[in-house]
Amino acid sequence: MSLVLGIGLRTGTSYRELRDLVYRALTGVVGAVESVVTVEGREDEPGLQRLVASLGAQLFTASSVDLAAQVVPTPSEQVGELAGTASVAEAAVVLSGAALVVPKQKSAGATVAVGVVEAAAPGYSHADREVVHRVIAERRDVRRGFLDKPVDDELLTRVLEAAHRAPSVGLSQPWDFLLIRDVATRQRVHDLAVAQRDAFAASLPADRRAAFDGLKIEAILDTPLNIAVTCDPARGGRHVLGRHADPRTVWFSAAIAVQNLWLAARAEGLGVGWVSFFDPAEVGEVLGLPAHVELLGYLCVGHVEEFAAAPELVRSGWASRRPLAWAVHQEQWGLRGLPGEVASATAAVRDAVASGGFEQVGSQVVRVLVVDGGSAASYLSAADVLVVQVGAEKPAADFGVLWRPARTADEAVELGVEVARDLVLQGAGELLVSCVGQSEVAESLTQGLRWGGLACGAVVRRADEPTAVTDSTA
Ligand SMILES: Cc1cc2nc3c(=O)[nH]c(=O)nc-3n(C[C@H](O)[C@H](O)[C@H](O)COP(=O)(O)O)c2cc1C
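Visitor: Help me understand the overall build of the chain, please; the structure alone is not making it clear to me.
Guide: When its secondary structure is counted, the chain shows 16 helices and 14 strands. Dimensions of the chain, computed from the C-alpha atoms along their principal axes, are close to 85 × 60 × 45 Å. Among the 474 residues that make up the chain, the fraction classed as buried is 44%. Put simply, 68% of the contacts in the chain that link residues at least 6 apart link residues at least 24 apart. With 42 positive and 58 negative side-chain charges, the chain shows a spacing of 2 Å between the two charge centroids.

Visitor: Is there a simple way to think about the site of the ligand in this case?
Guide: Every residue near the ligand is listed here: R139, R140, D141, R143, K216, I217, W274, V275, S276, F277, P311 and L313. Within the side chain of R140, one N or O atom sits 2.8 Å away from an oxygen atom of the ligand. Contact between the ligand and W274: a nitrogen atom at 3.2 Å from a main-chain N or O atom of the residue. Burial of the ligand by the surrounding chains reaches 74%, relative to a free accessible area of 620 Å².

Visitor: Mind showing me how you'd approach the sheet that holds strand β7 (residues 225-231) here?
Guide: Strand pairing within a sheet occurs via backbone hydrogen bonds; the two strands may be parallel or antiparallel. Ordered by their spatial adjacency, four strands build an open sheet running β6-β7-β9-β8, and the pairing between neighbours is antiparallel. Bordering the open sheet on either side are β6 (175-180) and β8 (270-275), each of which pairs with just one other strand. Here the average twist between neighbouring strands, direction ignored, is 25°. Here β7 pairs with strand β9 (residues 294-303) via seven bridges, running antiparallel. Looking at β9, one finds that T230 is bridged to L295.

Visitor: It is not clear to me how the sheet that holds strand β3 (residues 58-62) should be interpreted in this structure. Could you clarify?
Guide: Strand order across the open sheet formed by five strands is β3-β2-β1-β5-β4, with mixed pairing between neighbours. With one partner strand each, in any of the chains shown, β3 and β4 (99-106) form the two edges of the open sheet. The average undirected angle you get between the axes of adjacent strands in this sheet is 25°. Sheet topology note: the strand β2 (residues 32-39)/β3 ladder contains five bridges and is parallel.

Visitor: Is there a simple way to think about the domain arrangement of the chain in this case?
Guide: By a frequent convention, interface size equals the accessible area lost on bringing the separate parts together. Domain boundaries in the chain define domain 1 (2-117), domain 2 (139-315) and domain 3 (324-462). A C-alpha centroid distance of 54 Å is found between domain 1 and domain 3.

Visitor: What's the story with the layout of surface pockets in this structure? I'm lost.
Guide: Sizing a probe to match a water molecule and rolling it over the atoms shows the empty space that remains. In this structure, the largest pocket encloses a volume near 1,400 Å³. F200, L204, R208, W318 and Q426 are the residues nearest the centre of the largest pocket, which is lined by 42 residues in total. If you list the elements that add at least two residues to the lining of the largest pocket, you get α8 (183-203), α9 (206-213), α12 (312-315), β10 (364-372), β11 (385-390) and α15 (409-425). Looking at the lining of the largest pocket residue by residue, the class counts come to 25 nonpolar, six polar and eleven charged.

Visitor: Before we go on, may I ask you to explain the pattern of salt bridges in this structure?
Guide: Oppositely charged side chains can pair when the atoms bearing their charge come close. Taken as a whole, this structure holds 19 salt bridges when the rule is applied. A salt bridge links E418 to R336, with the nearest nitrogen and oxygen atoms 3.2 Å apart. With E418 in helix α15 and R336 in the loop between α13 (324-327) and α14 (345-355), the pair connects residues that are 82 residues apart, well separated along the chain. With relative accessibility at 5%, the residue R336 sits in the buried group.

Visitor: How should the side chain of T230 be read in this particular structure?
Guide: Considering the arrangement of structural elements, one finds T230 in strand β7. Not counting chain neighbours up to four residues away, the residues in contact with T230 comprise P174, W175, D176, A254, L289, V293, E294, L295 and L296.

Visitor: How should I be thinking about the packing of aromatic side chains in this particular structure?
Guide: In this description, a pair of aromatic rings is defined by centroid distance and the angle of the planes. Counting across every chain of the model gives six aromatic pairs. Judged by centre distance (6.0 Å) and plane angle (55°), the rings of F212 and W318 are tilted. Of this pair, F212 sits in helix α9 while W318 sits in the loop between α12 and α13, and the two are 106 residues apart along the sequence. Comparing F212 with W318 shows no difference in burial state: the two are buried. Among the aromatic residues, those joined into a cluster by ring pairs are F200, F212, F277 and W318. A cation sits over an aromatic face here: R197 above F212, 4.3 Å from the ring centre. Here the basic side chain of R266 rests over the ring of F307, its NZ or CZ set 3.8 Å away from the ring centre.

Visitor: What should I look at first to understand α15 in this one?
Guide: Think of an α-helix as 3.6 residues a turn; residues three or four steps apart then line up on the same face. Taking 1.5 Å of rise per residue, 17 residues should cover 24 Å, and α15 covers 25 Å from first to last C-alpha, within 8% of that figure. α15 sits mainly inside the fold: 15 of its 17 residues count as buried. Positive phi shows up at G427, right after α15, with a value of about 100°.

Visitor: Which parts of the structure should I look at to understand the environment of F399?
Guide: Relative to the assigned elements, F399 resides in the loop between β11 and β12 (401-403). Its relative accessible area of 87% is what places F399 among the exposed residues.

Visitor: Sorry if this is basic, but what is going on with unusual backbone geometry here?
Guide: In terms of backbone geometry, most residues other than glycine have negative phi values and most peptide bonds are trans. Look at Q173: it is not a glycine, yet its phi comes out positive at around 45°. Inspection of the secondary structure assignment puts Q173 in the loop between α7 (153-164) and β6. On the basis of relative accessibility, which here comes to 29%, the residue Q173 falls in the partly exposed class.

Visitor: It is not clear to me how the nonpolar core should be interpreted in this structure. Could you clarify?
Guide: A general trend in soluble globular proteins is that nonpolar side chains are found buried together. One finds V189, F212, I220, F278, V283, L287 and Y298 to be the most contacted residues of the largest nonpolar core, which totals 29 residues. Counting only elements with at least two residues in this core, the list comes to α8, α11 (280-287) and β9. Among the elements that make up this core, the one with the highest residue count is α8 (four residues). For F212, the contacting residues outside a window of four places in its chain are R197, F200, A201, L204, I217, F277 and W318. Ranked by size, the runner-up nonpolar core spans 27 residues in total, among them L155, A162, V258 and V272.

Basis of the calculations
Residues numbered from 1 in each chain as written. Predicted model: local features only at pLDDT ≥ 70, side-chain atom pairs only at ≥ 80, totals over all residues. Heavy atoms only, no water. Helix = DSSP H or I, 4+ residues; strand = E, 2+ residues; numbered from the N terminus. Buried < 20%, exposed > 50% of the residue type's maximum accessible area, 1.4 Å probe, protein only. Contact = heavy atoms within 4.5 Å. Lys, Arg positive; Asp, Glu negative; His and termini not counted. Charge placed at Lys NZ, Arg CZ, Asp CG, Glu CD. Near = heavy atom within 4 Å. Polar contact = N/O pair within 3.5 Å; in protein donor to acceptor, adjacent residues only side chain to side chain. Areas by Shrake-Rupley, 256 points an atom, 1.4 Å probe, with all protein chains shown as cover. Pairing = 2+ DSSP bridges. Axes fitted to C-alpha atoms, helices over the stretch in contact; angles between N-to-C directions. Domains from an automatic or database assignment. 1 Å grid on protein atoms, 1.4 Å probe; cavity = no way out; pocket = protein on both sides within 12 Å on 5 of 7 lines; lining within 4 Å. Points joined across faces, edges and corners; volume = space filled by probe spheres on them. Nonpolar A, V, L, I, M, F, W, Y, C, P; charged D, E, K, R; others polar. Salt bridge = Lys/Arg side-chain N within 4 Å of Asp/Glu carboxyl O. Phe/Tyr/Trp six-rings, centres within 6.5 Å; stacked < 30°, edge-to-face > 60°. Lys NZ or Arg CZ within 6 Å of the ring centre and 35° of its normal. Expected span 1.5 Å × (residues − 1). Core = buried A, V, L, I, M, F, W, Y, C linked by side-chain atoms within 4.5 Å.

Here it is as structure tokens:
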């Protein structure tokens with residue numbers, strides 16, 4: 001690991017004082033000091049020069065103006081008055097592009113801060129990388145708060161260029177962008193979305209429908225610009241490299257173009273809202289798309305003053321974000337955990353049950369029927385029922401049936417845990433579980449549902465049990 005020292009010092013500070021201060025700051029930090037940065041005008045200080053030589057490092061300087069422009073954790077008014085910058089040591093580290101790992105340490109006449117320069121792609125400073133991660137974290141799906149301001153052509157071209165730089169299978173570049181400003185066209189598209197919204201609302205259980213009524217799901221008429229992103233699945237002809245084995249890859253490619261567009265728009269202050277309340281063929285017809293071109297995504301685009309800190313669906317309590325640790329498996333499916341912390345789902349969930357729950361739990365009651373084989377569809381007439389079907393035979397596609405073909409009882413537990421957790425993320429607060437049939441796998445999955453639900457703070461009851469289960473040993 002390569003280290004950077006930022007050093008501020010008074011005239012005449014001795015080598016010994018600097019050395020002791022630096023060694024104290026470096027305690028517990030692994031790596032070699034490769035550079036020392038100080039403010040212009042202090043580079044000739046004998047104590048500093050001797051320190052730099054003894055470390056075998058290189059000495060750099062920065063102007064007080066550049067240092068003053070850095071955001072640091074511990075600025076000092078006094079240093080500001082003396083040196084023209086509120087920080088020398090920390091600002092020098094930040095300015096050098098290193099990650100600050102030891103904040104400012106002081107002696108009588110000097111300050112030092114330590115930064116780590118991670119092995120990174122050449123040409124990207126720490127600050128550059130931070131910006132990439134920030135724009136990813138701060139991208140939002142925006143449906144409200146659009147300004148009455150047209151989207152400038154140059155800006156739009158920049159954003160489209162970002163989309164057009166997306167990776168694509170065999171470099172097939174299967175996307176196109178249809179820019180729609182015409183109000184009459186947008187009104188017709190809007191009508192389609194309203195019809196789909198009504199259909200979705202009608203499919204929901206009453207409590208969920210009430211919550212859905214308060215959600216805004218599109219901004220088709222609120223933004224000056226809509227963009228239909230299309231996909232030509234056959235673009236490039238017969239031998240597109242990499243597509244032959246998995247034709248879905250053209251769709252992935254086009255979806256990545258949307259993500260590029262979304263990120264670039266975020267950095268430019270443009271809000272983007274993706275609307276999928278459509279039958280794509282109906283939109284294609286309104287837009288007059290050729291039959292071989294299909295709608296991938298419909299985007300509402302416009303200037304906004306601010307971007308919410310969290311997704312709208314989170315802020316409204318409709319759904320929650322899934323912890324990364326649930327999504328990362330180590331070597332084998334089901335061994336979930338972040339890099340460096342391998343744990344089985346079951347063990348992790350038992351711990352979570354003991355430590356008591358998840359923060360955001362909704363109020364939706366879901367009746368979960370665990371079914372081993374058989375005709376799951378026959379249970380689906382009530383909107384609050386979810387069938388979890390175990391068994392190797394894949395049921396007909398229906399979002400009311402979750403197929404969980406557990407191969408062993410242990411796997412069934414883990415799949416049950418996962419189903420329950422993901423239901424809680426989608427607003428469930430109570431799971432009313434029944435197990436149809438008596439197979440070991442179905443019973444194990446039911447046990448997993450119980451653990452997973454309880455771990456997230458939901459109430460879990462067997463359908464035939466009158467009272468709520470409140471602990472994992474039940
Ligand atoms: C493929 C896709 C389709 C989406 N469709 C809709 C939609 O029809 N209406 C809507 O309000 N949001 C839609 N969204 C936005 C999601 O609700 C949003 O991305 C999610 O809640 C996370 O919020 P964030 O994008 O602000 O991080 C869609 C997002 C994607 C990726």
